[in-house]
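# Tertiary structure, described
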Amino acid sequence: MSSSFMSASFSKNKQKSSKPSENGLSNLQSFRGNIKTNTSSVPSSPSTEPKNSNIHNGMFKCNQAFAQKSKKLMGLLSDSCSILKQVRETNKQRWDLHYPFVSQMPELQSPIYDDKGLRIVSNKTQMSKFKQKVTDRLQFQSDMSTSQDFNSKLNVLKLDLKKGDTSSAETVFGDLKKDAIATLLDGCFANIIKRCENLHARVSDTSSKVLVAGDVNAGKSTFVNALLKREVMPVDQQPCTTLFCEVLDVQENDGAEEIHAIKDFTSYKRTDASTFTVIEWNDLYDTIVNNEESGEYAQLKVYTKDRRNAQESLLHNGIIDIALIDCPGLNRDTLKTTALFARQEEIDVIIFVVSAENHFTLSAKEFLSNASKEKAYLFIVVNRFDNIRMQEKCRRAILEQIKEVSPRTHEHAEDLVHFVTSTAIKVEKDDDVNHSSRLSSAIDQNVNDIKSIEDFARLEESLRTFVLKKRSKSKLAPAQHYLDNLVTDIGVLVEFNKNIAQRENYKAGIELEEAERTLNKLVADEKAAAATADEAENRTCEEIGDFTRRSLERAIENVDQFTSCEYHGLVYIWSYANDLRDSMLDEIYREVLASEENAKKQTAKCIDLIQDLGRDLRGEDKHINLDKMYAKRGTPISINIEISDFFDFNLNDRFSEELSIVGLTGAAVMCTATKLNGLSFLWDVTYFLGFNNMRRLLLPLVGLAGIGITTYVLYDTKRVISRKVARKIRCYLKRSDYVNSQANRIVRQGRKKMRLASENIRLRFRRAVEEENSKQVSHRISYKKSEEAVKFFEKIFSQTEVVSDSLEDLLGNHEWEDYEEIPVSD
Ligand SMILES: Nc1nc2c(ncn2[C@@H]2O[C@H](COP(=O)(O)OP(=O)(O)OP(=O)(O)O)[C@@H](O)[C@H]2O)c(=O)[nH]1
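From a predicted model like this one, the values you see are computed outputs, not experimental measurements.

Our focus in this paragraph is the packing of aromatic side chains. A complete count under the given rule lists 10 aromatic pairs for this structure. Between the aromatic rings of Phe223 and Phe456, the centroid separation amounts to 5.7 Å while the plane-to-plane angle is 65°, which identifies the pairing as edge-to-face. Separated by 233 residues along the polypeptide, Phe223 in helix α9 (residues 220–228) and Phe456 in helix α17 (residues 447–557) bring together distant segments of the chain. Here Phe223 and Phe456 have matching classes, each one buried. Ring plane angle 65° and centroid distance 5.6 Å describe the contact between Tyr268 and Phe276, whose orientation is recorded as edge-to-face.

A few words now on the pairing of strand β7 (residues 347–355). Remark: a regular strand shows side chains that alternate across the two faces of the sheet. Buried residues dominate β7, accounting for nine of its nine residues. Pairing of strand β1 (residues 207–214) with β7 involves six bridges; the strand directions are parallel. Across the sheet, the residue bridging to Lys209 is Ile347, located in β7. The pairing of β7 with strand β8 (residues 379–383) spans five bridges and is parallel. For Phe352, the partnering residue across the bridge sits in β8 and is Ile380.

As a further point, take a nonpolar patch on the surface. The grouping of Phe688, Leu689, Leu697, Leu698, Leu701, Val702 and Leu704 at the surface amounts to a nonpolar patch, some 700 Å² of accessible area in total. Secondary structure elements with two or more residues in the nonpolar patch: α21 (679–689) and α22 (691–735). A per-element tally of the nonpolar patch places α22 first, with five residues. Mapping Leu689 onto the fold places it in helix α21.

Let's shift gears to the side chain of Asn383. Looking at where Asn383 falls in the secondary structure, it is placed in strand β8. Classification of Asn383 by relative accessible area gives buried; the value is 2%. Setting aside anything within four residues of it in sequence, one finds Asn383 in contact with Ala218, Gly219, Val353, Val354, Ser355, Ala356, Val420, Thr421 and Ser422.

For the rest of this paragraph, the subject is the nonpolar core. Grouped together as the largest cluster of nonpolar side chains are 50 residues, with contacts concentrated most on Leu185, Ile192 and Leu486. Listing elements by their share of this core, those giving two or more residues are α4 (50–93), α5 (129–139), α8 (178–204), α17 and α23 (738–812). Here this core takes 13 residues from α17, the largest share from any one element. Judged by nonpolar contacts, the second largest core, of 42 residues, contains Leu228, Met233, Ile288 and Ile319.

Running from N to C, helix α18 (residues 573–612) and α23 point in directions that differ by 20°, and their axes come no closer than 9 Å. Here α23 runs roughly parallel to α18, going by the angle between their axes. Crossing handedness for the pair α18 and α23: right-handed. From α18, Ile588, Tyr589, Val592, Ser595, Glu596, Ala599, Thr603, Cys606, Ile607, Ile610 and Gln611 reach across to α23, where they touch Tyr738, Gln742, Arg745, Ile746, Gly750, Lys753, Met754, Ala757, Ser758 and Ile761. Classifying every residue of the contact of α18 with α23 gives 12 nonpolar, six polar and three charged.

Per the UniProt annotation, the sites labelled "coiled-coil region" (unreviewed entry) are residues 512–539. Between the end C-alpha atoms of residues 512–539 the distance is 40 Å, and the span holds 100% helix and 0% strand.

Below, the discussion takes up unusual backbone geometry. Notably, His359 is not glycine yet its phi reads approximately 55°, a positive angle. With respect to the helices, strands and loops of the structure, His359 is situated in the loop between β7 and α12 (362–375). The phi dihedral of Asp737 is positive, around 50°, even though this residue is not glycine. Tracing the backbone shows Asp737 in the loop between α22 and α23.

Turning to the environment of Ser82, a few remarks are in order. Mapping Ser82 onto the fold places it in helix α4. Sequence-wise, Ser82 and Ile193 are 111 residues apart; in three dimensions their C-alpha atoms are separated by 8.8 Å.

Another aspect to go through is helix α10 (residues 284–294). Within the span of α10, buried status applies to Leu284, Thr287, Ile288 and Asn291. The buried residues of α10 occupy one face: seen down the axis, they fall within an arc of 95°. Seen from the buried face of α10, the exposed residues on the opposite side, beyond 90 degrees, are Glu292 and Glu293. The inward-facing, buried residues of α10 contact β2 (244–249), β3 (258–262), β4 (277–279) and β5 (299–304).

Rules and cut-offs
Residues numbered from 1 in each chain as written. Predicted model: local features only at pLDDT ≥ 70, side-chain atom pairs only at ≥ 80, totals over all residues. Heavy atoms only, no water. Phe/Tyr/Trp six-rings, centres within 6.5 Å; stacked < 30°, edge-to-face > 60°. Helix = DSSP H or I, 4+ residues; strand = E, 2+ residues; numbered from the N terminus. Buried < 20%, exposed > 50% of the residue type's maximum accessible area, 1.4 Å probe, protein only. Pairing = 2+ DSSP bridges. Patch = residues over 30% accessible without salt bridge, like charges linked within 9 Å, V, L, I, M, F, W, Y side chains within 5 Å. Areas by Shrake-Rupley, 256 points an atom, 1.4 Å probe, with all protein chains shown as cover. Salt bridge = Lys/Arg side-chain N within 4 Å of Asp/Glu carboxyl O. Contact = heavy atoms within 4.5 Å. Core = buried A, V, L, I, M, F, W, Y, C linked by side-chain atoms within 4.5 Å. Axes fitted to C-alpha atoms, helices over the stretch in contact; angles between N-to-C directions. Parallel < 35°, antiparallel > 145°, perpendicular 65-115°, else oblique. Left-handed = near helix turned anticlockwise from the far one by under 90°. Nonpolar A, V, L, I, M, F, W, Y, C, P; charged D, E, K, R; others polar. UniProt positions renumbered as here; feature names shortened; annotations may be inferred. Arc of directions from axis to C-beta.

And the structure:
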């Protein structure tokens, strides 16, 4: 804000002071008007002192506005923390978050998609303000050639890449896997949550911390005691304050006046006695002085009671509680520590005490110019003013110096620069009899003292007002500013991830449908393939069996027709019979072999057909070796040749032809005989030749017949053997069910091979179904996961939007700012 505006603000305020009841801003003037009353007499209660009451009312209003605002802010901080915790939890357990502008960079250019993954043209007029802000941020494209550029797109959610600013974004983020980004984000969330908790604690803390820094022996401790109207801090002509001493109200320690000496103030817990040592009041001076050498303690917390009434009390006055931190005097050694201390966010106001005699030392100037960069406004107390004779000259000289080190403080010098004599303020010592005796002694003081008391009272009033007003800026503004950035970042992060989740959901939906279709088809194919394979296998087995049976039966039936062996006469008849048997069996074996060959061909054909059913499946066809398919054929046929195989008494078979001739001949003879009158003819012949002649003739006839028969039998033996062996083989094969057993064997072997093929196909189908099933499961999981993620991000977005809207209201509500007079830059 410009200085002219600031001056206007102050002058405006002065005009308003005539109407104290209308504006709380009149506090300052009204307060000034009451200084005398306040310092020269026992303070009156608000009810008896209307002006004082107005002042208090103004401050009360200001405080009320602050309380309301801080309450809202704390609520928003808690809400933001809870939102962040939800997002963090999801990032950890369910959904690896994508970092905006980095993850899936090419998709950044792609538009936002609707539920079906279709591009939606954003209708900005229908968008909420927050949504529009987030969308604009997401769609904003800039040169993002370095990782720093990416990080700069977000205010708070910055990834700690530790790669420097100059690495190209592609290099940096290309190196990072998705889960690495999620891990970085998790760390980022942890820090932000911690920061929000700190801000919450800071906003909820109604007290303000005022750091009293300054040169060695400038009178800081004396000044602190003068503010407290009680001798709390030890005062010495020698430099004595060697550590930071924070003076707090006794209520901060449950009403117990105690001094806690702290070695490590980062781990200090008032309720944990192990984090501090209690120092006796009498030992305070020694502890402070000795600490310079021992360096045992880093800080003291002095819980003390402000015995004044509420309106006068500094530490605890019902509107604003102030904790004073007395710093070690500045020198080369302490400068850095004090500067660091002053930079802490908890420090609301810095009071710099400078000795009027010494003006600003080099250390002081260095400290002030740094502190003014951090805090913008500094409260400067020029102490030991009583030691200055040419006070106006000194005042001018010091103001000139202030102009150099803190120009904005100089602009408001009237309120922020005070020339005082801290020793003029009477302080209560523990051995004082009572409070009233000290106050009454003030009445007897000389004119100079009264002037100093007035100056000091003015300083006090300015300080209280400054702290009160500054508090809104120092406590609330950082939280508001941080929250504003945070909710926008969360919005961007959540919206970005929602878009990604939507796209993934859409993709997973399509993939799921596709997988379902593929799976259903595969299951149907599997069934059909199994049926086809079974059918082909059965049909082939039937064909093989039929073929084998037919072939063998034919072969067995005609076993004696197609076999021939060389007959070398009766002497070799036995060998002939054996050869003939072997030849016949070979003929049958040949048929068996032919059937096996046929079975192999049929089996191979069927295997091809079965394997062709899995042509679309992944994996190799199983190689089925048919070469050794019929390697084992079992026990060969064993038929022995016997003597009986040379004789055939079966006339039916043997003489079937001959008998018919004989029969016909006999019939003819009988016919003739009948015609010749039967046996009478034989009797007539016998009678004609004579019985003896007939008897002599019969023997040769019988001999002839025997020779004839023998000749015939010998002549027919070759055929007899053939018939007999063939019959024997047939009988044997029939008895042993040879045809069926061979057919079954051949079929069984073939089926075994075909079964291998069909089982392989079944297995490949099963695997394919399992694969599709697991694909489907994983698509379903990612569909569900992305669906849940979309819902979650939508929920988080609306929660963030609520916080953002509330924050907007809070930022837009300037009612409380009416109490602001000193513009403070952010
Ligand atoms: N005349 C005069 N003497 C003062 C004033 N304020 C402090 N002194 C004296 O200055 C000396 C140092 O005072 P301290 O309050 O101990 O100074 P300090 O800045 O706290 O000292 P260190 O913390 O040790 O740097 C004491 O003797 C005080 O009595 C003042 O306004 N006028």
